[in-house]
Amino acid sequence: MPIVTDIQRFCVNDGPGIRTTVFLKGCPLTCPWCHNPESLSYRPQLAFTAAACARCGACVAACPNGVHELVGGRHVVRFDRCVACGACVSACPANALRIYGREMSVEQIVSEVAKDRDFYETSGGGVTVSGGECMSSYADTLAIARAVRAAGLGLCIETSGLGSPERYRELAGLVDAFLLDYKVSGPGRYEEVVGLPEGVVLGTLDTLGAVGARVILRCPLVPGFNDTDEHFSRIAELSRRPGVDHVEVLPYHDLGVGKARSIGSDRYVEGEPMPDDATVDAWMGRIRDFGARAVCRG
């Protein structure tokens, strides 16, 4: 059964029109700038917002596994002991605790996303399945895709390109557009930074082009990691491949930092400033200079 991190309604940056985005839990990649770190694990997990905590001790009393301790007036969370039972979440009067990830049937997911059918029809929108990396939970993604299309709703898949050509060919007839990430450039850099060989991503792009799928090439740009002419040139080159409709530049933001800390993770880019509009415009200009077709901000 799919484990869903979140279902977000009225999204305007996850494909054409007004969309509802279904975030499936689980991703095997290692991008250090991940803005959805709560979706990396394939299992439900506890999150703690320290700023909201009243240090009342209700969670300490409720937890059967000793996850929570009050030490010198400070709330200490032993994440490694947590089994995500939710007892502490129910007991917390300050809403400082939550569980990321819940099991939902495909029928429940489609029932939820179908609530905004009228908005999809008037805006040319629909449903986007994302993650995590939804292609790493392929059976769930395929089942959701089939059910969404059977309900008469539009569908996009957001992916880093993970997965076999056969899987993309199987999905292509169900999907209006693939939102395909391209993250870094340079010999060996893709596998070093992302944990996925670049050849897999390029193979996915070739497969989608061969079957006539529409591709939106989405490029997260992070200062100090990939804001280079080498990368901009490579993006422009890929934008001219068959099937690529346009490029969307995704400027780095630090929303993932707080979420990473809330789940006890230290995997995030720290201290990196968010680029201002002038910087983003300059990046987009360089990509165009190298011959990209259409470039916009995602």
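Preceding block: the structure.
Residues numbered from 1 in each chain as written. Predicted model: local features only at pLDDT ≥ 70, side-chain atom pairs only at ≥ 80, totals over all residues. Heavy atoms only, no water.

Novice: Outline the nonpolar core, listing residues and values.
Specialist: Core analysis: the biggest nonpolar cluster contains 67 residues, and Leu171 and Tyr182 have the highest contact counts within it. Ranked by residue count, the leading element in this core is helix 5 (residues 138–150), at five residues. If you look at the next biggest cluster of nonpolar residues, it comprises 11 residues, including Cys59, Val77, Cys88 and Leu97. (Core = buried A, V, L, I, M, F, W, Y, C linked by side-chain atoms within 4.5 Å. Buried < 20%, exposed > 50% of the residue type's maximum accessible area, 1.4 Å probe, protein only. Helix = DSSP H or I, 4+ residues; strand = E, 2+ residues; numbered from the N terminus.)

Novice: Now, about the pattern of salt bridges: what can you tell me, with residues and values included?
Specialist: One pass over the structure, following the stated rule, counts 20 salt bridges. One salt bridge connects glutamate 69 with arginine 81, and the closest N-O pair in it is separated by 3.5 Å. Linking glutamate 69 in strand 4 (residues 68–71) with arginine 81 in the loop between strand 5 (74–77) and helix 2 (87–91), this pair joins segments that are 12 residues apart in sequence. A salt bridge links arginine 297 to aspartate 277; the nearest nitrogen and oxygen atoms lie 3.0 Å apart. Of this pair, arginine 297 sits in strand 13 (residues 295–297) while aspartate 277 sits in helix 11 (residues 277–289), and the two are 20 residues apart along the sequence. (Salt bridge = Lys/Arg side-chain N within 4 Å of Asp/Glu carboxyl O.)

Novice: Which residues make up the side chain of aspartate 14, and what are the values?
Specialist: One can find aspartate 14 in the loop between strand 1 (3–11) and strand 2 (19–24). By relative accessible area, which is 11% here, aspartate 14 ends up buried. A distance of 2.8 Å separates the side chain of aspartate 14 from the side chain of threonine 21, its partner in a polar contact. In contact with aspartate 14, other than residues within four places in its own chain, are Arg19, Thr21, Thr128, Cys156, Glu158, Leu179 and Arg218. (Polar contact = N/O pair within 3.5 Å; in protein donor to acceptor, adjacent residues only side chain to side chain. Contact = heavy atoms within 4.5 Å.)

Novice: Would you mind going over the environment of valine 148 in detail, with residue names and values included?
Specialist: With respect to the helices, strands and loops of the structure, valine 148 is situated in helix 5. Since its relative accessible area comes to 0%, valine 148 is described here as buried. Spatially, the C-alpha atom of valine 148 lies 9.5 Å from that of glutamate 107, the residues being 41 residues apart in sequence. Apart from residues lying up to four places away in sequence, valine 148 is in contact with Val110, Val127, Leu153, Gly154 and Leu155.

Novice: Hey, could you go over the pairing of strand 8 (residues 126–130) for me, with residue numbers and the actual values?
Specialist: For strand 8, the tally of buried residues reaches five of five residues, placing the bulk of the element in the interior. In the sheet, strand 2 pairs with strand 8 via five bridges, with the strands oriented parallel. Across the sheet, arginine 19 pairs through a bridge with glycine 126, a residue of strand 8. Both strand 8 and strand 9 (residues 155–159) contribute to a ladder of three bridges, which runs parallel. When the bridges of strand 9 are listed, threonine 128 appears paired with cysteine 156. Note that the unit made of strand 8, helix 5 and strand 9 has a crossover that is right-handed. (Pairing = 2+ DSSP bridges. Right-handed = clockwise from strand over helix to strand, strands pointing away.)

Novice: Summarise the sheet that holds strand 9; cite the residues concerned and give the values.
Specialist: As summarised here, the arrangement of the nine strands in space is 7-1-2-8-9-10-11-12-13, forming an open sheet in which the pairing is mixed. Of all the strands in the sheet, the pair left with one neighbour each is strand 7 (102–103) and strand 13. One ladder, built from four bridges, connects strand 9 with strand 10 (residues 177–181); its direction is parallel. Within strand 10, the residue paired with cysteine 156 across the bridge is alanine 177. Along the sheet face, helix 5 touches strand 2, strand 8 and strand 9 and points at about 160° away from the line of strand 9. Packed on one face of the sheet, helix 8 (residues 198–210) meets strand 10, strand 11 (215–221) and strand 12 (244–251) and runs near 160° to strand 10. (Axes fitted to C-alpha atoms, helices over the stretch in contact; angles between N-to-C directions.)

Novice: Please set out the environment of alanine 151 residue by residue, giving values where relevant.
Specialist: By the element assignment, alanine 151 lies in the loop between helix 5 and strand 9. Taking the C-alpha atoms as reference, alanine 151 lies 7.8 Å from valine 110; in sequence the two are 41 residues apart. In this view, alanine 151 contacts Val110 and Arg117; residues no more than four positions away in its chain are not counted.

Novice: Break down the packing of helix 3 (residues 106–113) against helix 5 for me, citing the residues and quoting the values.
Specialist: Contact geometry of helix 3 with helix 5 gives a least axis separation of 10 Å together with a crossing angle of 45°. Between helix 3 and helix 5, the angle is such that the two are oblique. The two elements helix 3 and helix 5 meet at a crossing, and its hand is right-handed. Only Ala143, Ile144, Ala147 and Val148 of helix 5 make contact with helix 3, whose side of the interface consists of Val106, Ile109 and Val110. Counted by class, the contact of helix 3 with helix 5 contains seven nonpolar, no polar and no charged residues. (Parallel < 35°, antiparallel > 145°, perpendicular 65-115°, else oblique. Left-handed = near helix turned anticlockwise from the far one by under 90°. Nonpolar A, V, L, I, M, F, W, Y, C, P; charged D, E, K, R; others polar.)

Novice: Residues and numbers for helix 8, please.
Specialist: Its 13 residues place the ends of helix 8 18 Å apart at the C-alpha level, agreeing with the 18 Å of an ideal helix rising 1.5 Å per residue. Here the buried face of helix 8 lies against helix 6 (165–172), strand 10, helix 7 (189–194), strand 11, helix 9 (229–239) and strand 12. Residue glycine 212 follows helix 8 closely and has a positive phi angle near 80°. (Expected span 1.5 Å × (residues − 1).)

Novice: Help me get a handle on the pairing of strand 4, residues and values and all.
Specialist: In this structure, strand 4 lies alongside strand 5, joined through four bridges in antiparallel fashion. Residue pairing in the sheet places glutamate 69 in a bridge with valine 76 of strand 5. As consecutive antiparallel partners, strand 4 and strand 5 are separated by two residues, and within that stretch glycine 72 has a phi angle of approximately 60°, a positive value.

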